[in-house]
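Each chain, letter by letter, is given below.
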Amino acid sequence: MSEVQRKKYSEQEKSKIFDQEFMPNIDSMYNFAYRLTFDEDDAKDLVQDTYLKAFRFINSFEQGTNAKAWLFRILKNSFINDYRKKSKQPAKIDYQEVETYYNSDDVDYTSTTDLRVDAVKDMLGDEISNALNSLAVDFRTVIILCDLEGFTYEEMAKILDIPIGTVRSRLHRARNLLKDKLRSYASTMGYGTDEEE
């Protein structure tokens, strides 16, 4: 660890770093968190958790380095830890809420949920977002970091804690998967595809 990283910042310096280097990135952090969680509240919680950890461990931040990459790494690690924790928990259903709904006078027994309608309704939205969101989290993450957030391969390798060669191959595979998912959409929009040429 370098001398700069061991340095203890004063409260005034901590506030200055937080306000000037961390806070300008909050919109990018939220966008990344939302793309990972697909839920506004979960994304907000993830960003809040990230900023709490960033302030708590601010002494390990080296002033003058890439604050955005440092924050993205904290966010990514927090997401992975939360995902692992949630995946080990059993699904929770509030049976009291279900029972209360079906015993109430407001229930309309003639209306049933048609899952096919719900599925089609989501597909009628932004095709590109849907294609991106359908990718596995590892592929979605590299597309977001590179193509939407503009990180270099080196920065992405640090954020994701993987070798740069893995970043390149994962990004290549992710772009090919995305291209395959968007091929028919591109044709309907009048763009030529590889199959036609």
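Reading the values: rules and limits
- Residues numbered from 1 in each chain as written.
- Predicted model: local features only at pLDDT ≥ 70, side-chain atom pairs only at ≥ 80, totals over all residues.
- Heavy atoms only, no water.
- UniProt positions renumbered as here; feature names shortened; annotations may be inferred.
- Helix = DSSP H or I, 4+ residues; strand = E, 2+ residues; numbered from the N terminus.
- Buried < 20%, exposed > 50% of the residue type's maximum accessible area, 1.4 Å probe, protein only.
- Contact = heavy atoms within 4.5 Å.
- Areas by Shrake-Rupley, 256 points an atom, 1.4 Å probe, with all protein chains shown as cover.
- Expected span 1.5 Å × (residues − 1).
- Arc of directions from axis to C-beta.
- Polar contact = N/O pair within 3.5 Å; in protein donor to acceptor, adjacent residues only side chain to side chain.
- Salt bridge = Lys/Arg side-chain N within 4 Å of Asp/Glu carboxyl O.
- Axes fitted to C-alpha atoms, helices over the stretch in contact; angles between N-to-C directions.
- Parallel < 35°, antiparallel > 145°, perpendicular 65-115°, else oblique.
- Left-handed = near helix turned anticlockwise from the far one by under 90°.
- Nonpolar A, V, L, I, M, F, W, Y, C, P; charged D, E, K, R; others polar.
- Phe/Tyr/Trp six-rings, centres within 6.5 Å; stacked < 30°, edge-to-face > 60°.

- Under an unreviewed UniProt entry, the name given to the protein is Sigma-70 family RNA polymerase sigma factor, and the organism recorded is Aquiflexum gelatinilyticum.
- Taken from UniProt, the Sequence similarities (unreviewed entry) comment for the protein reads in full: "Belongs to the sigma-70 factor family. ECF subfamily."

## Re the overall build of the protein
Item 1. Across its full length, the protein holds 11 helices and zero strands.
Item 2. Helices (α) and strands (β) of the protein occur, in sequence order from the N terminus, as α-α-α-α-α-α-α-α-α-α-α.
Item 3. Expressed as a percentage of the 197 residues in the protein, the buried residues total 30%.
Item 4. Contacts in the protein between residues far apart in sequence, at least 24 positions, make up 65% of those at least 6 positions apart.
Item 5. Accessible surface computed for the protein: about 13,600 Å², of which carbon and sulfur atoms make up 51%.

## Notes on helix 4 (residues 40-56)
Item 1. For helix 4, with 17 residues, the first-to-last C-alpha span of 24 Å sits near the 24 Å given by 1.5 Å per residue.
Item 2. Inspection of helix 4 places Ala 43, Leu 46, Val 47, Thr 50, Tyr 51 and Ala 54 among the buried residues, and these make up the whole buried set. Each buried residue of helix 4 lies within a common arc of 130 degrees when the element is viewed along its axis, so the set occupies one face. Exposed side chains of helix 4 directed beyond 90 degrees from the buried face belong to Asp 41, Leu 52 and Arg 56.
Item 3. N-capping of helix 4 is provided by Asp 39, with a side-chain oxygen placed 3.2 Å from the backbone N of Asp 41.

## Some thoughts on the pattern of salt bridges
Item 1. Counted by the stated rule, this structure contains six salt bridges.
Item 2. Among the salt bridges present, the one from Asp 49 reaches Lys 53, with a minimum N-O distance of 3.3 Å. Of the two residues, Asp 49 and Lys 53 are both situated in helix 4; the distance of four residues between them amounts to about one turn of the helix.
Item 3. For Lys 53, a relative accessible area of 27% translates into the label partly exposed.

## A closer look at the packing of helix 3 (residues 26-37) against helix 9 (residues 137-148)
Item 1. At a closest axis distance of 10 Å, the pairing of helix 3 and helix 9 adopts a crossing angle of 155 degrees. Accordingly, the angle class assigned to the pair helix 3 and helix 9 is roughly antiparallel. In this structure, helix 3 meets helix 9 at a crossing whose hand is right-handed. On the side of helix 3, the interface is formed by Phe 32, Arg 35 and Leu 36, while helix 9 contributes Val 137, Arg 140, Thr 141, Ile 144, Leu 145 and Leu 148.
Item 2. When the residues that make up the contact of helix 3 with helix 9 are grouped by side-chain class, the tally is six nonpolar, one polar and two charged.

## Some words on the side chain of Glu 149
Item 1. Relative to the helices and strands, Glu 149 is located in the loop between helix 9 and helix 10 (153-160).
Item 2. Side-chain polar atoms of Glu 149 contact the side chain of Ser 28, separated by 3.3 Å.
Item 3. Residues within four places of Glu 149 in sequence aside, it is in contact with Ser 28, Asn 31, Lys 68, Phe 72 and Ile 144.

## Points about the packing of aromatic side chains
Item 1. A complete count under the given rule lists nine aromatic pairs for this structure.
Item 2. When the ring of Phe 18 is compared with that of Tyr 51, the centres are 5.7 Å apart and the planes differ by 80 degrees; the resulting orientation is edge-to-face. Pair noted here: Phe 18 is in helix 2 (residues 11-22) and Tyr 51 is in helix 4, with a separation of 33 residues, a long-range link.
Item 3. Of the residues examined, Phe 18 reaches a relative accessible area of 16% and is grouped as buried.
Item 4. When its relative accessible area of 6% is taken as the criterion, Tyr 51 is described as buried.
Item 5. Considering the side-chain rings of Phe 72 and Phe 151, the 4.9 Å spacing of their centres and the 70 degrees angle between planes classify their relative orientation as edge-to-face. Separated by 79 residues along the polypeptide, Phe 72 in helix 5 (residues 67-87) and Phe 151 in the loop between helix 9 and helix 10 bring together distant segments of the chain. In terms of burial, Phe 72 and Phe 151 fall into one category: buried.
Item 6. Grouped by ring-pair contacts, the aromatic residues Phe 18, Phe 22, Tyr 51, Phe 55, Phe 61 and Trp 70 constitute a single cluster.

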